[in-house]
Amino acid sequence: MTRKLSDFPLYPLLLAAYFPLYLMSADLGMTNLGDVVRPLAVCVVLALTATWALGRVLRDVHRAALWVALAFIVIFDFRLLQQMIDGALSFWIKELPGIYALAAMVVVALLIGWRARPGANVTRIANVIVAVMVAFPAISLAQRALVVNTAVAGGQQGAGQTDAAFDAVKDGGERPDIKHIVLDGYSRGDVLARYYGFDNSAFLDGLKGMGFAVADRATSPFSQTLQSMTSIFTASDLDGVGGDRTGAELRDALRDRLKHNPVMGTLDRLGYQTAALDIRYDPVRMDQLDRLLDRHPLSNFEVTGLRQTVFYPIALKLGLREASVPPETFTKPYERELTGPYFLYMHMLTPHPPFDITRNGEVLPPEGGFWSMNDGSHYTKHQPEREESYRRGYVEKLVYTNDGILSLVRRVIGEAKRPTIVIVHGDHGGGKHFDHDSAEQSCMGERFAPLLAVYSSDGRLQQALPPDINLTNLYRVVFNTYFGTDMPMLPDRSVFIGWKRPEQRRVITPEEIARSCGGS
C-alpha cells in the first residue's frame, strides 16, 4: 500500500468531485449553489470507498485507483463521451445507438484496466492533471459564491416603486382563494393553428363553458420563463433588476426577486396561506412559501446529474420512467389541503419538453432523445426533422394537458365554497421556431403569444381582463379588481432575452409579433 501521502491516488476522488462541480459551473445560474454540496459529498465518498475496497482486493492501490477512475468516467461522463463518439463517426452514421456507445466505452475501459499497471509516478501525474481540471469549475463557483450576496441585493434594485403600489391594498372584505396555474410554453389558439396545425377550440370552448374569459391576443413580457414569471409576480418590466450584472449573477438576482415578489408577499401579509406544487425546474420552485406540496426527495440538480449518467438511458430502456407531468398532478385535490383564503401556485412543465407522454397518458421515452428537456433551438437545432419531432411531441403533450386541466378546473370550481379565482396561462409560447440566442432567427409570433384564461366566481375578473393584455399587467388587473389598488397598466412590451447572455435584451415590436413566420 502507498506510504507517502503525496503518492496516494487522489485523482479518483478529484474526478468524482469534478462531475458535480462542472455541472454546477455550467448551470448558468439556474440553480442554487448550495445544491452542489450533497452530490459532491456522495460522489467523493463513493470514490474513496471504492478505491479503498478495491485496493484491498487487488493489493495494489494504484491499479485500484485506475479502475475506479475509469468507472467514474464511463458512468458520469457517458453523455459527453457519446457526443464525442457521434461527432467522430458523423461521416458514416448519423447517431450511434446508446447501447453500442456504452458497449464501446466499457470494452475500452476494461482493456485499459486489465493491461495497465500504474505506479506511484503515474499516480502523481494523474493527481496533478485532475487537480488542475477540478480547479477551473471550483474557482468559477467560488467567484460566483463571493458575489451571490451582492447579486441577491441587486435583485431588489428597481423594486421600490412597484412594491409600494401593493402597499395600497385595502384591508377588509372577503378574500378570494386564488389558484394560479402556469402551463410552460403553452401557445395561444391562433398560434397553435398556424404553426402546429392544431385546432385548440375544443379546449378553449371547454374553459369558456365553465365561465372563463380567454385573452385571445395576450402577449408575454419575455422570451424566457424566469424573466416572464418574475415580471408577472412583480407586476413590473424588470428594468433595473440585477443592475449591471451578467450571466449567472444576473440570474441569481432575478431568482431572488421572484422568490421575494410583492404579489405573494402581499397575499401573505393579508393572511393568505401560500403554497406551491414542487417542480423539476429551480427558477420557479417556490420553496419559500408556507407549503411546498409533493416535495421531491432529490433536488433538481441531483436529478439533472443523474440524467447525465449512464443509469438514465438504462432506466429508460428498462421502462423505469415517469412522466414530467404525471396524471395525479391534475387529479390530486391539493386545494383541499389548504385553509382559505389560500394562494396555490402550480407551474407545470407542459407542453414544454420533455415530450414524454402521449395524448392518452401513455408514458414514453422522451421524443427527441433521453436528454430532450431542452426547448427551442437547443432541441430542434434548426433541422426540419427535429422541428417536426418538436411539433409532434408538443401536440401530444398539449392534448394530454388539455384533458387534465379541464378536469382540474371543473373540480376546483365545482367544489369551491368561497369566492374563487383561477388563472391558467403559458409563461411564453412554444419553441418550434425559436432560437435561444438569436432574435433574428426566431418566430416572435410563436414565442410571445401565450395562452391566458381567467375565472372568478363573481365574474368581475373576466369583465376586467383586456383581450390584448401583456402578462406583466395580470396582477395589476387582479389587485385593482379585488384588493382596492389603483395601479396603472404598464405599456405592452415584449423583450427577447439571450440564453447564454441573459443581459442581452431586445425589445420586440408588435409588428414583429404579428408577422407570419411562414406557416408550420
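Residues numbered from 1 in each chain as written. Predicted model: local features only at pLDDT ≥ 70, side-chain atom pairs only at ≥ 80, totals over all residues. Heavy atoms only, no water.

*Asks:* Sorry if this is basic, but what is going on with the state of the cysteines here?
*Replies:* Applying the stated criterion to the full structure yields one disulfide. Each sulfur in the disulfide pair Cys-443 and Cys-517 lies 2.1 Å from the other. Where Cys-443 bonds to Cys-517 through sulfur, the torsion about that S-S bond is close to 90°, and the disulfide is right-handed. One end of the pair, Cys-443, is in the loop between strand S8 (420-425) and helix H18 (444-447); the other, Cys-517, is in the segment after helix H21 (510-514), and 74 residues separate them in sequence. Look at Cys-443 and you get buried, because its relative accessible area is 2%. Residue class for Cys-517 comes out partly exposed when judged on its relative accessible area of 33%. (Disulfide = S-S within 2.5 Å. Helix = DSSP H or I, 4+ residues; strand = E, 2+ residues; numbered from the N terminus. Buried < 20%, exposed > 50% of the residue type's maximum accessible area, 1.4 Å probe, protein only.)

*Asks:* What am I meant to see in the nonpolar core here?
*Replies:* Burial of nonpolar side chains together is a common tendency in soluble globular proteins. Of all hydrophobic cores here, the largest spans 52 residues; its most connected members are Phe-233, Phe-343, Tyr-345, Leu-452, Tyr-475, Phe-479 and Phe-483. Per element, the largest residue contribution to this core is six residues, and it comes from helix H20 (residues 474-482). In this structure, Phe-233 is in contact with His-180, Leu-258, Asn-261, Pro-262, Val-263, Met-264, Phe-343, Tyr-345 and Tyr-475, ignoring residues within four places of it in sequence. Judged by nonpolar contacts, the second largest core, of 47 residues, contains Leu-204, Leu-293, Val-422 and Tyr-455. (Core = buried A, V, L, I, M, F, W, Y, C linked by side-chain atoms within 4.5 Å. Contact = heavy atoms within 4.5 Å.)

*Asks:* Explain the packing of aromatic side chains here, please?
*Replies:* Working definition: an aromatic ring pair is given by the centre-to-centre distance plus the angle between the planes. All told, the structure shown has 19 aromatic pairs when counted by the stated rule. Three or more aromatic residues link up through ring pairs in this structure, and these residues are Phe-166, Phe-233, Tyr-272, Phe-343, Tyr-345, Tyr-475, Phe-479 and Phe-483. The residue whose ring lies beneath Arg-251 is Trp-499, and the NZ or CZ to ring-centre distance is 4.8 Å. Arg-447 extends its terminal NZ or CZ atom over the ring of Phe-434, reaching a point 4.0 Å from the ring centre. (Phe/Tyr/Trp six-rings, centres within 6.5 Å; stacked < 30°, edge-to-face > 60°. Lys NZ or Arg CZ within 6 Å of the ring centre and 35° of its normal.)

*Asks:* I'm lost on the pattern of salt bridges in this one. Help?
*Replies:* Pairing is possible between side chains of opposite charge, provided their charged atoms come close. Under the definition given, this model contains 25 salt bridges. One salt bridge in this structure joins Asp-163 and Arg-257, with 2.8 Å as the shortest N-O distance. Placement of Asp-163 in helix H7 (residues 160-166) and of Arg-257 in helix H11 (residues 247-259) is noted, with a sequence separation of 94 residues between them. What makes Asp-163 partly exposed here is its relative accessible area of 21%. According to the relative accessible area criterion, Arg-257 is buried, its value standing at 1%. Its salt-bridge partner being Asp-287, residue Lys-259 comes within 2.3 Å of it at the nearest N-O pair. Residue Lys-259 is located in helix H11, and its partner Asp-287 is located in the loop between strand S3 (273-277) and strand S4 (291-293); the two are separated by 28 residues in the primary sequence. Taking the relative accessible area as the measure of exposure, Asp-287 reaches 31% and is therefore partly exposed. A single network of salt bridges, built from pairs that share partners, joins Lys-259, Asp-278, Arg-285 and Asp-287. (Salt bridge = Lys/Arg side-chain N within 4 Å of Asp/Glu carboxyl O.)

*Asks:* Help me understand the environment of Leu-344 in this model?
*Replies:* Here Leu-344 shows up in strand S5 (residues 342-348). In this structure Leu-344 comes out as buried when scored by relative accessible area, which is 0%. Note: C-alpha distance between Leu-344 and Ile-181 (163 residues apart in sequence) is 8.2 Å. The contact partners of Leu-344, leaving out residues within four places of it in the chain, are Ile-178, Lys-179, His-180, Ala-275, Ala-276, Leu-293, Tyr-334, Glu-335 and Leu-338.

*Asks:* What's the story with the side chain of Arg-476 in this structure? I'm lost.
*Replies:* Within the secondary structure layout, Arg-476 lies in helix H20. Of the buried charged residues, Arg-476 lacks a salt bridge, with Asp-237 as the closest side chain of opposite charge at 7.7 Å. Polar side-chain contacts of Arg-476 include one of 3.0 Å to the backbone oxygen of Ala-235. (Lys, Arg positive; Asp, Glu negative; His and termini not counted. Polar contact = N/O pair within 3.5 Å; in protein donor to acceptor, adjacent residues only side chain to side chain.)

*Asks:* Please clarify how the packing of helix H9 (residues 201-209) against helix H17 (residues 384-415) should be interpreted in this entry.
*Replies:* Taken N-terminus to C-terminus, the directions of H9 and H17 make an angle of 5°; their axes are 10 Å apart at the nearest point. The angle between H9 and H17 falls in the class roughly parallel. Of H17, the residues touching H9 (which contributes Phe-203, Gly-206 and Leu-207) are Asn-402, Ile-405, Leu-406 and Val-409. Of the residues that constitute the contact of H9 with H17, the class distribution is five nonpolar, two polar and no charged. (Axes fitted to C-alpha atoms, helices over the stretch in contact; angles between N-to-C directions. Parallel < 35°, antiparallel > 145°, perpendicular 65-115°, else oblique. Nonpolar A, V, L, I, M, F, W, Y, C, P; charged D, E, K, R; others polar.)

*Asks:* Got a minute to help me understand the pairing of S8 in this structure?
*Replies:* In regular strands, side chains alternate between the two faces of the sheet. Along S8, six of the six residues are buried, which leaves the element largely enclosed by surrounding structure. Where burial is concerned, the two faces of S8 agree: the one with Thr-420, Val-422 and Val-424 and the one with Ile-421, Ile-423 and His-425 are both buried. Inspection of the sheet shows strand S1 (residues 177-183) paired to S8 by six bridges, in the parallel sense. The partner of Lys-179 across the bridge, within S8, is Val-422. The pairing of S8 with strand S9 (residues 452-456) spans five bridges and is antiparallel. Residue pairing across strands places Ile-423 opposite Val-454, the latter belonging to S9. (Pairing = 2+ DSSP bridges.)

*Asks:* Explain the sheet that holds S1 to me, please; I cannot follow it from the model alone.
*Replies:* Two strands in a sheet stick together by hydrogen bonds in their backbones, pointing the same way (parallel) or opposite ways (antiparallel). Strand order in this open sheet of seven strands is S2-S9-S8-S1-S5-S3-S4, and the pairing throughout is mixed. Two strands close off the open sheet at either side, each with one partner strand: strand S2 (213-214) and S4. As paired elements, S3 and S5 share four bridges and run parallel to each other. By the bridge assignment for S5, Thr-274 is matched with Phe-343. Strand contacts of H17: S1, S5, S8 and S9, with the helix running at about 180° to S1, the strand carrying the most contacts.

*Asks:* Just checking my understanding: could you explain the pairing of S9 for this structure?
*Replies:* Buried residues dominate S9, accounting for five of its five residues. Sheet topology note: the S2/S9 ladder contains two bridges and is antiparallel. By the bridge assignment, Val-214 is partnered in S9 with Ala-453.

*Asks:* In this structure, what is going on with the side chain of Arg-188? I would like to understand it.
*Replies:* By the secondary structure assignment, Arg-188 is in the loop between S1 and helix H8 (189-195). Judged by its relative accessible area of 12%, Arg-188 is buried. Look past the residues within four positions of Arg-188 in its chain and what remains in contact with it is Ala-215, Asp-216, Arg-217, Ala-218, Thr-219, Ala-449, Pro-450 and Leu-451.

*Asks:* What's the story with unusual backbone geometry in this structure? I'm lost.
*Replies:* Residues apart from glycine generally show negative phi values, whereas peptide bonds are mostly found in trans. Between Gly-340 and Pro-341 the backbone carries a cis peptide bond, its omega angle lying at -5°. Following the sequence through the fold, Pro-341 ends up in the loop between helix H15 (328-331) and S5. For the bond running from Thr-350 to Pro-351, omega is 0°, close enough to zero to count as cis. Mapped onto the fold, Pro-351 is located in the loop between S5 and strand S6 (355-357). Unlike most non-glycine residues, Asp-294 shows phi in positive territory, near 50°. As for its position among the elements, Asp-294 is in the loop between S4 and helix H13 (300-308).

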